[in-house]
Structure formats: C-alpha cells, structure tokens
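# Fold and geometry: a report
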Amino acid sequence: MAQMTLIQAVTNALDLELARDKNVLVFGEDVGHNGGVFRVTEGLQKKYGVNRVFDTPLAESGIGGLATGLAIQGFRPVAEIQFFGFVFETMDQIAGQASRMRYRTNGRYHCPIVYRAPYGGGIKAPELHSDNLEGLFAQSPGMKVVIPSNPYDAKGLLISAIRDDDPVLFLEHMKLHRSFRQEVPDEAYTVPLGVANVVREGKDVTVVAYGAMVQTALKAADEWAKSAGIQAEVIDLRTISPLDTETIVKSVKKTHRAVVVQEAQKSAGIAAEVVAQINENALYHLEAPVIRIAPPDTVFAFPMIEDEWIPDVNTVKHGLETVMSL
Amino acid sequence: MSTVLETKPASFVQVLSPDGSVVDRDLLPNLSDDQLRQLMYRMVFTRTWDQRAVKLTRQGRLGFYAPVSGQEASMLASEFATNEEDFILPGYRDIPQCVFHGWPMYQAFLYSRGHQHGGEVPEGVNILPPQIIIGAQIVQASGVAMAFKLKGERRVALTYTGDGGSSQGDFYEGVNFAGAFKLPAVFIVQNNQFAISVPVRLQTAAETLAQKAVAAGIPGIQVDGMDALAVYAVTKEAVDRARAGEGPTLIETVTFRYGPHTMSGDDPTRYRTKDLESEWEIRDPLVRFRKYLESKNLWTESDENQAIEDGKNAVTEALKQADSHPKMSVPHLIDSMFAELPAKLKAQKEEYLASREVK
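In this text the structure is predicted, and so the values were computed from the model without any measurement. (Residues numbered from 1 in each chain as written. Chains lettered and ligands numbered in written order. Predicted model: local features only at pLDDT ≥ 70, side-chain atom pairs only at ≥ 80, totals over all residues. Heavy atoms only, no water.)

This paragraph deals with the overall build of chain A. Along chain A, the regular secondary structure elements total 12 helices and 14 strands. For a compact globule of 326 residues, the expected C-alpha radius of gyration is about 20 Å, and chain A comes in at 19 Å, within 12% of that figure. In terms of overall dimensions, chain A has C-alpha extents of about 60 × 40 × 40 Å along its principal axes. Expressed as a percentage of its 326 residues, the buried residues of chain A come to 65%. Of the contacts made within chain A by residues no fewer than 6 positions apart, 82% connect residues no fewer than 24 positions apart. Here chain A has roughly 11800 Å² of accessible surface; of this, 51% comes from carbon and sulfur atoms. (Helix = DSSP H or I, 4+ residues; strand = E, 2+ residues; numbered from the N terminus. Rg over C-alpha atoms; globule rule 2.2 N^0.38 Å. Buried < 20%, exposed > 50% of the residue type's maximum accessible area, 1.4 Å probe, protein only. Contact = heavy atoms within 4.5 Å. Areas by Shrake-Rupley, 256 points an atom, 1.4 Å probe, with all protein chains shown as cover.)

Written out as structure tokens, the structure reads:
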C-alpha cells in the first residue's frame, strides 16, 4: 500500500492496465514525452514505447476520431482531452459517433474507449478549462460518465472504465489532483461503474454529491452535526451515468429529506436527474421537497470569482438548513 | 527517377540576416524612418513588458499569462501592417498585437486575472478578446471577413494561431472558407516550434505550414518570423491584396518562444535543449532590427532606454488601473448572460444572495 494523490492513482491505474493488456493505448496532446500537462502519464512512454503511449497533433476531433477507429479494430484507447472545456471540439466523435457505434452497427462494432479529462473549478484556470460539462455526456445515450472524488476510487474506477466494453468519460477534478493523499493498494483492483458509495452515514437528511463537491458536502455535514446535532448521510455518486438510483432511494427512504449538490450550473443537470429519480421512487417517503445546491445558470465563472460561484461549505449548510426547516 | 508525389515547399522570405544586413533589397518595405523607429520602439517596449509580466505572474499579481519574448517581430510587425479599422482575432498569446491595436493594457491585465471587464473591448477597438480554444478564431475570421465583403467595407480580418493550431480541423475549415468565398482575410501561423511540448515534426509531415494554403487554393508563404521587415513586407502585401478584393493569404512566421508555454507550470527544459534555445537567440528579432537601424543611424542607446522606461511605466500604470477597478461579482455575472434576464435567473440571483448570507 502506498499513499497516493489522485494523479498518482490515475498514473498507477494506466501503468497496470498498459502492462496487463497490449491493446490498451494512451494518447493525447503532450501525454507522451512530456508526460501530460499534469504529469498524469509521466514515465509511461519510456516504459511502453511510442507506439502505445504517444503525443498526437493538436486536434481534439482528431484524437476522438483516432480513438473510434482504433476501438473498432480491437484496441482499447485511453484518450486524453487536455482540458475538458476543449471537448466541444470533439463532441461529435464522442457523443455523435463512438457512443452510437454499438447501436448503429447492431452490435457488430463497439467502442471500448476511455476519454480522460481534467475539469472542475477552484484552481483559477483560464476560460474553458474548468467547465463542468458532464451533464452533456450524461445526456448522450451510450456513454458512461465517471467522476471519482478520491484517489482510491480514481484507480479502481479507471481500471473498470478501461476494461469496460463501452465508451466511458472519466473526469478528474483539478482541485482534487493533489489536494490529499490516500492509501491505495499497489495491485490492480476495480471499483464497479454505476455504484454509488455512502461516504458518511446519517439518519436525518441525505446529501447527494459527486466530484469535488463530496469533500465540501462531508465538511458541511460534519460542521452541521456539531452545531445543530443533525446527522446527514452523504452519498458519493462516483458514476453519474448510469446513476445508482437504488443507493439514493434507500437512503432517502431512511432520512425522508434530501439535498443534491453539484458544481455544474443548476438547470437540466445531474442534480435535476437525481431529484427526478427520488420523485419517481420515493415521493411518499419525503417530508420536504428535495432541493438542489448549485451555481446559477451562467457560464462557468471567470477565475476572479469562481470561488464565490462554486458552492462552498456555507452554501451547503444553508441548503441543509432550508430542507430541515421545511 | 523523379516522382510526382513530391511536396513543394513554399519559399522562405527574409529581408534582414541575423547580423542586421539586408539580404534582399527588393523586398525592403516602404517604411519611413519614423515608422521604422516606431516598430523598434514597440518591440523593445513589449520585451520589457513581457519580462515584467512574467515576474508579476510569479508574484501572483497577474493570473493567466503566455510569455511572448522571441515572437516580437512576428507579432508586432504583422500588426504594424494593418489599419486601425482592420479586425484582429487573436489567440491567447497575442496580447501585444491587441494592445497596439487599441486594447488598453489594464484590460489585458484584468483579462489575465479572470475579470469580465478585461474582455469588454472598448468601442472603436477592432479586436476580439484572446481565444482560448485552439483554432476557433480561424473560422470566425472568415465570418468577420465575409461581413466586410458583404458590407462593402475595405477592411481586413487578421487572425493568429500557432504551429499546433494549424493541426485543428477549424484551421482547415477557416482557410478553406476564406478561399472559397475569396474573403479579405489574412491567416498568420506563428510557428514557434513547440505546441506546449510537442515539436512541429510530430505535428505534421508537411515541410512547411505555409504549404497548407495550397489545398485551399490560396497563396501561402513562409517568412522569417525573427525578421521584423520580412514579416512586415509579407503581411503588408497580404493585407493590401485582401483589401483590394484579391482574397486571403496564409502566412507562416518561423519563430520561437523563449519562455514557457504559459506561466501555469510548463517547464521547457523537459522538451527542448539549451543548445536549441541558444540557436534561436542568435536570430533574436530585437538584436537584428536594432543592428539594421543602427547602421542607418536611426536608433540610439537613449532611444532604447526610453522604450524600456516607457514599457516599465506602462505596466506600472496599467497595474494600478487594474487594481483600482471594481471587483467582479456573481450577481453581475448573472446579469451579463442575456439582453433581458429570464425570470429563472432573476430567482437564482436572489437565491444566490440568500445562500451567501449564512455564516
């Protein structure tokens, strides 16, 4: 066991899967010689050669199309989009092409591709680097969308994603990249896709979150427990598509109240889907409306005010207070 | 045996050799002594400003910054060939051209810090704020150029990208559209040798980036991007052609960035050698142009010092102005989304304010 940051856990997962399966390929802008702008692929080109870990020309649509072509010929591409805001450039190759391949060919071809991308606010990156665009892909049928909140899950989920036979978007929150370390086993292990995790047990209210918001929710829950004596149960979704409705509903049936926290702007997002699932499956168990804690429906805030725009511990506590008072 | 599959490299335009002597007298642009001095002034001013900006970024006083040293001729001599009413669509590194095209430096600093007012280009200044998405401005340049053509305005759209940018689909689409519609556009590819860490030879098998014009059916030319007069001469001709309704041009300026890709953690020693850096420093655009001007008695040490002093003062002044500008706010961000704020956003604004009152 070693203490690893989220970045190290991802590097470790890529290393193990490259070693295990010769069909795994890792590529993208600056991922080869330079080891990626965040050093996630550091050392991998040296170890596995330029045919398996390589730099591409600067063209996201090219990267996406390359992945699709390689995938239908039996490879398992792990393609990096340098920053998630650049994904619009290859939106068609992911949401219009790879995710539809199985359907389009009636199962003759499929695309076991992982698209990795750093995303998320709090590090004052320029425009179109931090945007939370996960909802666009959760709305793309045929795609799975995975967002780890800690190093242990990052490794296990990435290994599952690489071994999965369908396209998976794997998002790495930049604020979590090196913010804390965790015990991570040296050997390969999997964390299943589509299964949420109860990261804090509680009986009074359910807090559903994912990505960096899990840490924020946990902190708010701990503070709220101390100041108000209320025990919040915190669920880390881990995979936002497919959503683990069962875990959410089970918790809500126990607590009768829920808030959903997301870093993406409020409307038509993952939080809205979670609320809909609760309505469809546990409405009569609710004692209060389920509320969303999310930034307003604007473009992702410029760096100068991103910390004020993204939900923080206080806004989560405010949400908890609201839902408990209803 | 000869082959029909040979790629034909575009010619390489140079006016001044690295020692400042004239290599091609026929190409010497028609610039007055004052204009020559002004161009030199801008390059020295910009080098000084760049060095200050790098320090300020390290101190946390600026935010996002992509250093420009090494590319002064490529940037400033090309902008020098435009008129005020011509429209510039810059990439994220192309701050100097925008400032000399009228963008106040303090707004460039606010842009760097991630303040919305940075991109609020003043009325009458013909630029877009710097583009983050590589190549997106190339396609937009064709749109701007078409607007000029449709409105019968004798204006030109000038856009910049890098060697990496010339790999994007948007690049080919933009250049091709401009050719197809015979638009008044000039596309400048500043080939500074590395797209972050990836060298040009891994970017493309094309011998030059200028030859990418061939498939679009427009003129493409490669120019010594460390040679201010060559960059000016080529850009001026392209701009004049565009203005005269003769269509677009693709220009590749062969240049080098001395610094890192940006100040956000890039370490050039990981992907390029000291030898390579020294090789490019010999071709330095400022040294070369200074030698030429000195040979014509057009530039003195006191001119040099004045440009440096002005550069420093401009940065100090702009920083002061940026510091005193009101801080951006989330309610303002909400207000700026639409011409008329939808009811839902109005409610979210109230909700936001209420949620932030809790401590």
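Now for the nonpolar core. In terms of nonpolar packing, the biggest core is built from 155 residues, with A:L237 and B:F289 touching the most fellow members. For this core, the leading source of residues is helix α1 (residues 33–58) of chain B, giving 10 residues. Among residues more than four places away in sequence, those in contact with B:F289 are B:L16, B:L36, B:L39, B:M40, B:M43, B:A228 and B:L229. Core analysis: the second largest hydrophobic core is formed by 34 residues, A:V205, A:A232, A:A301 and A:I305 among them. (Core = buried A, V, L, I, M, F, W, Y, C linked by side-chain atoms within 4.5 Å.)

Describing an aromatic ring pair means giving the distance of the ring centres and the angle of the ring planes. By the definition in use, this model includes 19 aromatic pairs over all chains. When the centroid spacing of 6.0 Å and the interplanar angle of 65 degrees are considered together, the rings of B:W103 and B:Y111 count as edge-to-face. Here B:Y111 falls in the buried class, since its relative accessible area comes to 14%. Between B:F171 and B:Y172, the ring centres sit 5.4 Å apart and the planes meet at 85 degrees, which makes this aromatic pair edge-to-face. By relative accessible area, B:Y172 is classed as partly exposed at 40%. Taken together, B:Y41, B:F45, B:W49 and B:F100 form an aromatic cluster joined through their ring pairs. The lysine or arginine in question, A:R108, covers the ring of A:Y109, its NZ or CZ lying 4.5 Å from the ring centre. Over the ring of B:W280 we find B:R283; its NZ or CZ atom is 4.2 Å from the centre of that ring. (Phe/Tyr/Trp six-rings, centres within 6.5 Å; stacked < 30°, edge-to-face > 60°. Lys NZ or Arg CZ within 6 Å of the ring centre and 35° of its normal.)

Below, the discussion takes up the sheet that holds strand β9 (residues 197–200) of chain A. Residue and element names in this part refer to chain A. Strand order in the open sheet made by the five strands is β9-β11-β10-β13-β14, with mixed pairing throughout. Each edge of the open sheet carries a strand with a single partner, namely β9 and β14 (291–293). Averaged over all pairs of adjacent strands, the angle between their axes in this sheet comes to 30 degrees, without regard to strand direction. Where strand β13 (residues 258–261) and β14 come together, three bridges link them in parallel fashion. Considered in β14, the bridge of V261 is made with I293. Along the sheet, helix α9 (residues 245–255) makes contact with β9, β10 (205–209), β11 (232–236) and β13, crossing β11 at roughly 175 degrees. (Pairing = 2+ DSSP bridges. Axes fitted to C-alpha atoms, helices over the stretch in contact; angles between N-to-C directions.)

So, on to the layout of surface pockets. Here the second largest pocket is characterised by a volume of approximately 440 Å³. Lining the second largest pocket are 23 residues, and of these A:E127, A:F302, B:Q116, B:G119 and B:P129 lie nearest its centre. Of the residues belonging to the lining of the second largest pocket, the class tally is nine nonpolar, 11 polar and three charged. (1 Å grid on protein atoms, 1.4 Å probe; cavity = no way out; pocket = protein on both sides within 12 Å on 5 of 7 lines; lining within 4 Å. Points joined across faces, edges and corners; volume = space filled by probe spheres on them. Nonpolar A, V, L, I, M, F, W, Y, C, P; charged D, E, K, R; others polar.)

Residue and element names in this part refer to chain B. Examined against the element boundaries, S78 turns out to sit in helix α2 (residues 72–80). A residue is classified by how much of its surface remains accessible, and S78, at 0% relative accessible area, is buried. Here Y160 takes part through its side chain, which lies 2.7 Å from a polar atom of the side chain of S78. Apart from residues no more than four positions distant in its own chain, S78 is found in contact with A73, L158, Y160, I188, V231 and T235. (Polar contact = N/O pair within 3.5 Å; in protein donor to acceptor, adjacent residues only side chain to side chain.)

The assigned domain composition of chain B is domain 1 (12–327) and domain 2 (329–359). Taking the mean C-alpha position of each, domain 1 of chain B and domain 2 of chain B sit 39 Å from one another. (Domains from an automatic or database assignment.)

Residues and elements named next belong to chain A. Residue alternation in β13 divides its side chains into two sets, A258 and V260 and V259 and V261, and both sets are buried. Bridge count for β10 against β13 is three bridges, and the pairing is parallel. If you follow T206 over to β13, its bridge partner there is A258.

Moving on: the interface of chain A and chain B. Each partner contributes residues to the interface: chain A has 41 residues there, and chain B has 39 residues. Note on chain A versus chain B: buried area summed over both sides is about 3500 Å², and carbon and sulfur give 59% of it. A salt bridge links B:E351 to A:K266; the shortest N-O distance between them is 2.6 Å. Viewed at the interface, chain B and chain A are joined by 13 residue pairs in polar contact (both at pLDDT 80 or more). Of all the elements in the fold, those that place two or more residues in the side of chain A that touches chain B are α11 (306–309) and α12 (313–325) of chain A. When residues of the side of chain A that touches chain B are assigned to their parent elements, the largest contribution, four residues, is made by α12(A). (Buried area = accessible area lost by both parts, 1.4 Å probe. Salt bridge = Lys/Arg side-chain N within 4 Å of Asp/Glu carboxyl O.)

Attention shifts here to empty space enclosed by the protein. Gaps left between atoms are located by rolling a probe of water-molecule size over the structure's atoms. Under the criterion given, the structure shown has three cavities of 30 Å³ or more. The volume enclosed by the largest cavity comes to roughly 90 Å³. Around the largest cavity, the lining residues are B:W49, B:L62, B:F64, B:Y65, B:A66, B:Y92, B:I95, B:A108, B:F109, B:Y111 and B:S112. Take the lining of the largest cavity: its biggest share by element is four residues, from helix α4 (residues 105–113) of chain B. What lines the second largest cavity is A:P126, A:E127, A:F302, A:P303, B:F64, B:Y111, B:S112, B:G114 and B:I132.

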